[in-house]
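Examination of the molecular architecture
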Amino acid sequence: MRSIVFAMALVPLVSLAARTQAEEPVSNVGGPYTVVMSSSEGGAVIDPGEGVFSYSSVQWIRLEAKAEPGYEFTAWTGTLYSISNPTIVRIDQDHEICATFSPVKRELHVDDDAPGDPSPGDPEVGDPHADGTADHPFDSIEEAVAAAAEGDTVRVHPGTYCESINVFRKSIHLAGRDPNDRPGTPLPVIRADGKDSAVQISGTGDSPTTLSGFAIRDNQGQTAIIDCSGSVVTFSHCLIVGNRPTGHGSALIQCTDSDTAFVNCTIADNYMGECDAGLRAVNSAVTLTNSIFYYNTSSCPDAVDSMIYADERARISISYTDVEGGWPGIGNIDSEPRFISHGLWVDATFPSVFRNPGSPYAVLCVGDYHLESSRGRWDGTTLSWRYDGSSSLCIDGGDPAGEIGYEPTPNGRVVNMGVYGGTTEASKSY
């Protein structure tokens, strides 16, 4: 009974505090005060309105802003800063207050095999009501990229997307498999349907663009499979395999006037042809960390030197990465990564016949890029955890100062190298 009486007694005190702030009697001291109200693009001040207001004495006034469709209220700025809307402000000085708004960050979905798609797998025939929502996703990544605004996220569901991705002059986030997705969730595949780059990101300036959780495989591009120009880009948890850049001066990854990072990526089983680069940096800063760069081949006599190239205005920084042939940098190793199986180049018509990767008839029989572990590693065929007789040195080989993300237990509390490091499919350790 005493606790009930206490609660009832508290209510008038709270109400009194609210009235004291919102209904303080007008003071005859000071004034007049001028308040200038304005708004940024995307909305308006509806209480007390916009313009110049004069108050003869100290008092409290109510401010309320309303966003236009596609925008959201951000904050009151100027002589008042508050993220509350509506809010109450004490007028005891002159004010210039602006209601600021920003575009609503959207998440656009892409799924060519969605339940409402009348022709799954065919981007030319799609859901007539496709608008990028989860119920009516776009058929192609390019369709979503075209519809996306600055800062939007394009969420790509599992499947194979035979198209070239071109992000131009806007910063967006391309998201495939999430590190927290349940084991067995496949990486969506980007496989260009022509000779253009599979992924081209250009002209985005200093605004960061991200691409996470994709397999970029089985592509042939005249200039580069991945081409970054005039942009700030981060690739994370990506599997880049089975690609064959073609043409004179081509590269697997080309970075020009850019700041590009690869984090927890596996770049393996790619063929670069004659003296073309695996990774080329031109007037750029390129970073690789927690990654694996192995089993990439070239017909160039100096293949090791041509795999990673930086011109005199570029800087390549590699750390906590397994690099075939070695590379100076903290935490780097040169050790066979012990994938469950790496890819084999075979004849496109007769898979039992091995082919030189330079042959136009060759295709990559893609391997399993999970890391061997005696403590347990994910098996995508049986959809279960299996145990090996040995463990890869890439397990627990990432940056010890970083986060382990969603790696299952037991783990060594250090993130693994490679595409599955930091995810629910990371190979286990002691």
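Residues numbered from 1 in each chain as written. Predicted model: local features only at pLDDT ≥ 70, side-chain atom pairs only at ≥ 80, totals over all residues. Heavy atoms only, no water.

Here the focus is the overall build of the chain. Secondary structure summary: the chain contains 3 helices and 34 strands in total. When the 430 residues of the chain are sorted by exposure, 47% land in the buried category. Of the contacts made within the chain by residues no fewer than 6 positions apart, 65% connect residues no fewer than 24 positions apart. Carbon and sulfur atoms provide 54% of the accessible area of the chain, an area that totals close to 20,500 Å². (Helix = DSSP H or I, 4+ residues; strand = E, 2+ residues; numbered from the N terminus. Buried < 20%, exposed > 50% of the residue type's maximum accessible area, 1.4 Å probe, protein only. Contact = heavy atoms within 4.5 Å. Areas by Shrake-Rupley, 256 points an atom, 1.4 Å probe, with all protein chains shown as cover.)

The residue Ala-310 is located in strand E26 (residues 308-310) in this model. Overall, Ala-310 belongs to the partly exposed group, its relative accessible area being 33%. Sequence separation between Ala-310 and Arg-280 is 30 residues; the distance between their C-alpha atoms is 5.8 Å. Every residue in contact with Ala-310, bar those within four places of it in the chain, is listed here: Ala-281 and Ile-316.

Residues Ala-362 and Leu-364 line the buried face of strand E31 (residues 362-365), whereas the alternating positions Val-363 and Cys-365 sit on a face that is not buried. Pairing geometry for strand E30 (residues 344-347) and E31, over 4 bridges, is antiparallel. Among the inter-strand pairings, Val-346 is bridged to a residue of E31, identified as Val-363. (Pairing = 2+ DSSP bridges.)

With that settled, the discussion passes to empty space enclosed by the protein. One water molecule sets the probe size; rolling that probe over the atoms shows where empty space is left. What the rule picks out here adds up to 2 cavities of 30 Å³ or more. Surrounding the largest cavity, 15 residues form its lining, Tyr-369, Leu-371, Met-417, Tyr-420 and Gly-421 being those nearest its centre. Considering each element in turn, the lining of the largest cavity owes the most residues, 3 residues, to strand E32 (residues 368-371). Here the residues of the lining of the largest cavity are counted per class, giving 8 nonpolar, 6 polar and 1 charged. (1 Å grid on protein atoms, 1.4 Å probe; cavity = no way out; pocket = protein on both sides within 12 Å on 5 of 7 lines; lining within 4 Å. Points joined across faces, edges and corners; volume = space filled by probe spheres on them. Nonpolar A, V, L, I, M, F, W, Y, C, P; charged D, E, K, R; others polar.)

In this section: the state of the cysteines. A full pass over the atoms with the stated rule returns 0 disulfides. In this structure Cys-238 is a free cysteine whose sulfur lies 4.8 Å from that of Cys-265, the closest cysteine sulfur available. Residue class for Cys-265 comes out buried when judged on its relative accessible area of 0%. (Disulfide = S-S within 2.5 Å.)

Let's shift gears to the confidence of the model for the chain. A residue-level look at the chain finds 89% of positions with pLDDT of 70 or above and a mean pLDDT of 88. Here residues 1-28 scores under 50 on pLDDT; set against residues more than four positions off or in separate chains, the count is 13 contacts. (pLDDT = per-residue confidence, 0-100.)

Our next topic: the environment of Gly-205. With respect to the element layout, Gly-205 can be found in the loop between strand E14 (199-202) and strand E15 (208-212). Each C-alpha atom, one on Gly-205 and one on Arg-169, is 7.4 Å from the other, the two residues being 36 residues apart in sequence. Those residues in contact with Gly-205 that sit more than four places away from it in its chain are Gly-230, Ser-231 and Val-232.

A few words now on the pattern of salt bridges. Side-chain pairs of opposite charge can arise whenever the charged atoms involved come near each other. In the structure shown here, the tally under the stated rule is 14 salt bridges. The partner of Arg-90 in a salt bridge is Asp-92, with the nearest N and O atoms 3.2 Å apart. Notably, a salt bridge pairs Asp-347 with Arg-355, separated by 2.7 Å at the nearest N-O pair. Take Asp-347: its relative accessible area is 6%, and that puts it in the buried class. For Arg-355, a relative accessible area of 33% gives the class partly exposed. (Salt bridge = Lys/Arg side-chain N within 4 Å of Asp/Glu carboxyl O.)

Taking strand neighbours across the sheet as the criterion, the 3 strands line up as E2-E4-E6 in an open arrangement whose pairing is antiparallel. A single partner strand is all that each edge strand has here, and the edge strands are strand E2 (43-47) and strand E6 (87-91). Averaged over neighbouring strand pairs, the angle between their axes works out to 35° when direction is ignored. Both strand E4 (residues 59-67) and E6 contribute to a ladder of 5 bridges, which runs antiparallel. By the bridge assignment, Ile-61 is partnered in E6 with Val-89. (Axes fitted to C-alpha atoms, helices over the stretch in contact; angles between N-to-C directions.)

On the basis of which strands lie adjacent, the open sheet formed by 4 strands has the order E3-E1-E7-E5 and mixed pairing. Two strands in the sheet have a free side with no partner beyond their single neighbour: strand E3 (51-55) and strand E5 (71-78). Neighbour-to-neighbour, the strand axes of this sheet turn through a mean angle of 20°, independent of strand direction. In terms of strand pairing, strand E1 (residues 33-39) meets E3 through 5 bridges, oriented antiparallel.

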